[in-house]
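Take a look at the letters that make up each chain.
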Amino acid sequence: MKIIKKSKELSDEVAFLKRNGSSIGFVPTMGALHNGHLSLIEYSNSDNDITIVSIFVNPTQFNDKGDYNKYPRILKNDLEKLKNVKCDILFTPLENEMYPTKDKRDFNFGNLDKVMEGEHRPGHFRGVALIVSKFFEIINPDRTYFGEKDFQQFTIIKHLTKLLNLNIEVISCPILREDDGLAMSSRNMLLTQEQRANVSLISKTLFEAQENVKYMSVSETKDWVVDTINKNPFLEVEYFEIVDEIKLEPISNWSDKKEKIGCIAVHVGAIRLIDNIRFYS
Ligand code: AMP
């Protein structure tokens, strides 16, 4: 595995690989790698000759400075984890490499960044779009891999490639979960033992809600999920929305749209976790 810190060196390396006919898959991450990240790398390996992974804790996507400061940064551990998969190039730039000058760009995502994460984390998706568009410019991969755990982010990145006329295939990969159902997340390692024991209620409730559609309406399901989770003293739901998967617009009846997803954000003390579940009916 080649470790590259400079964007010029990375784009030169990619140009060389492309001249030799290699296809390139790109997996952006913020590090503190877990099996969810590694699964994206495996998807990339199965579709591409070369897989490039980035580890960069992107300051512009954090609307909460405290969250940014305490975000886990454990590069040594990450390097160990990457030994278990084929990662051809690891890109670990410093902040001034990615933001040598203030980037004032804005993006029009329509409704996509107005709801859910966008509504509750102002500026978050602009920051995500800034950094991902820079990575795309440097690497111009054939394919890029995003986890469905951040479903809204995946939708926005797909839109971003259209907005910028990029010929990059954006591929979504399923959520990897711990044995008790908790969606894997770098933030899970910040939970105390007591909090960790309680957060499995989030996915458990979502899975139960998925079954309950047989006898609960959309609004009953929403209320039931929020009430069930909020009854646990460690957990506080920030939002739970059931939306169509394409436009992320709320649905009011199960029959409104074929593809629908329930997205949730929950505060666990100072930590904020997200998860989602598809609804079929
Ligand atoms: P992050 O490091 O949190 O920015 O995540 C990097 C990529 O890994 C994003 O595309 C995430 O959606 C994806 N990811 C994070 N957690 C999971 C998970 N539990 N399963 C699958 N993909 C994930």
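Definitions and cut-offs
- Residues numbered from 1 in each chain as written.
- Predicted model: local features only at pLDDT ≥ 70, side-chain atom pairs only at ≥ 80, totals over all residues.
- Heavy atoms only, no water.
- Helix = DSSP H or I, 4+ residues; strand = E, 2+ residues; numbered from the N terminus.
- Contact = heavy atoms within 4.5 Å.
- Buried < 20%, exposed > 50% of the residue type's maximum accessible area, 1.4 Å probe, protein only.
- Pairing = 2+ DSSP bridges.
- Domains from an automatic or database assignment.
- Salt bridge = Lys/Arg side-chain N within 4 Å of Asp/Glu carboxyl O.
- Polar contact = N/O pair within 3.5 Å; in protein donor to acceptor, adjacent residues only side chain to side chain.
- Phe/Tyr/Trp six-rings, centres within 6.5 Å; stacked < 30°, edge-to-face > 60°.
- Lys NZ or Arg CZ within 6 Å of the ring centre and 35° of its normal.
- Axes fitted to C-alpha atoms, helices over the stretch in contact; angles between N-to-C directions.
- pLDDT = per-residue confidence, 0-100.
- Core = buried A, V, L, I, M, F, W, Y, C linked by side-chain atoms within 4.5 Å.

J.: Just to check I follow, could you spell out the side chain of E117 for this structure?
T.: Position of E117 among the secondary structure elements: in helix α6 (residues 117-120). With near-sequence residues (within four places) excluded, E117 lies in contact with F125, Q152, Y239, A265, R272 and I274.

J.: Explain the pairing of strand β5 (residues 143-147) here, please?
T.: Sheet faces and side chains relate simply in a regular strand, where the side chains alternate between the two faces. Of all the five residues making up β5, four are buried; the element is thus mostly covered by neighbouring parts of the structure. As paired strands, strand β2 (residues 24-29) and β5 are joined by two bridges and run parallel to one another. When the bridges of β5 are listed, G25 appears paired with R143. Where β5 and strand β6 (residues 169-173) come together, five bridges link them in parallel fashion. Bridging from a neighbouring strand, G147 pairs with C173 of β6.

J.: What is the right way to read the domain arrangement of the chain from this model?
T.: For interface size, the figure often reported is the accessible area lost on association. Segmenting the chain into domains produces domain 1 (2-173) and domain 2 (186-276). Averaged C-alpha coordinates put domain 1 and domain 2 at centres separated by 26 Å. Where domain 1 touches domain 2, the interface holds two salt bridges. In this assembly, domain 1 and domain 2 are joined by 10 residue pairs in polar contact (both at pLDDT 80 or more). For the side of domain 1 that touches domain 2, the secondary structure elements donating two or more residues are α3 (65-70), α6 and α8 (151-163). Broken down by element, the side of domain 1 that touches domain 2 gets its largest block of residues, three residues, from α8.

J.: Could you clarify how one ought to interpret the packing of aromatic side chains in this entry?
T.: The description of an aromatic ring pair rests on the distance of the ring centres and on the angle between the ring planes. Counted according to the given criterion, the structure contains eight aromatic pairs. When the centroid spacing of 6.1 Å and the interplanar angle of 80° are considered together, the rings of F91 and F135 count as edge-to-face. Taken as a pair, F91 in strand β4 (residues 89-91) and F135 in helix α7 (residues 124-139) lie far apart in primary sequence, 44 residues in all. Accessibility classification places F91 together with F135 in one group, the buried group. Taken together, the aromatic side chains of F26, F91, F135 and F136 make up a single cluster linked through ring pairs. Sitting above the plane of the Y68 ring, R73 keeps its charged end 4.7 Å from the centroid.

J.: Even after reading the chapter, I still don't get the environment of D106, so can you show me in this structure?
T.: Secondary-structure assignment places D106 in the loop between α5 (95-98) and α6. Here the alpha-carbon distance between D106 and G127, two residues 21 residues apart in the chain, equals 9.3 Å.

J.: Even after reading the chapter, I still don't get the sheet that holds strand β8 (residues 260-268), so can you show me in this structure?
T.: The strands making up a sheet associate through hydrogen bonds between their backbones, and the pairing can be parallel or antiparallel. Pairing within the open sheet is antiparallel, and its three strands lie in the order β7-β8-β9. Of all strands in the sheet, those bounded by a partner on one side alone are β7 (235-244) and β9 (271-279). Across this sheet, the average inter-strand angle for adjacent strands is 15°, counted without regard to direction. Relative to β8, β7 runs antiparallel, the two being bridged by nine bridges. Residue pairing in the sheet places L235 in a bridge with V268 of β8.

J.: For this particular structure, what's the right way to read the confidence of the model for the chain?
T.: Fine structural detail should not be taken from predicted coordinates in areas where pLDDT scores are low. Across the chain, the average pLDDT comes to 97, with 100% of residues at or above 70. Mean pLDDT across the elements of the chain bottoms out in α3 (95) and peaks in strand β3 (residues 50-55) (99).

J.: I tried to follow the nonpolar core on my own but got confused; where do I start?
T.: Proteins that are soluble and globular tend to have nonpolar side chains buried together. Grouped together as the largest cluster of nonpolar side chains are 43 residues, with contacts concentrated most on L10, I52, M98, V132, I139 and I157. Residue contributions to this core peak at 10 residues, all from α7. Counting residues domain by domain, this core receives three or more from each of domain 1 (2-173) and domain 2 (186-276). Aside from chain neighbours lying at most four places away, what touches V132 is F146, I157 and L160. Listed in part, the 24 residues of the second largest apolar core include I229, I251, W254 and L273.

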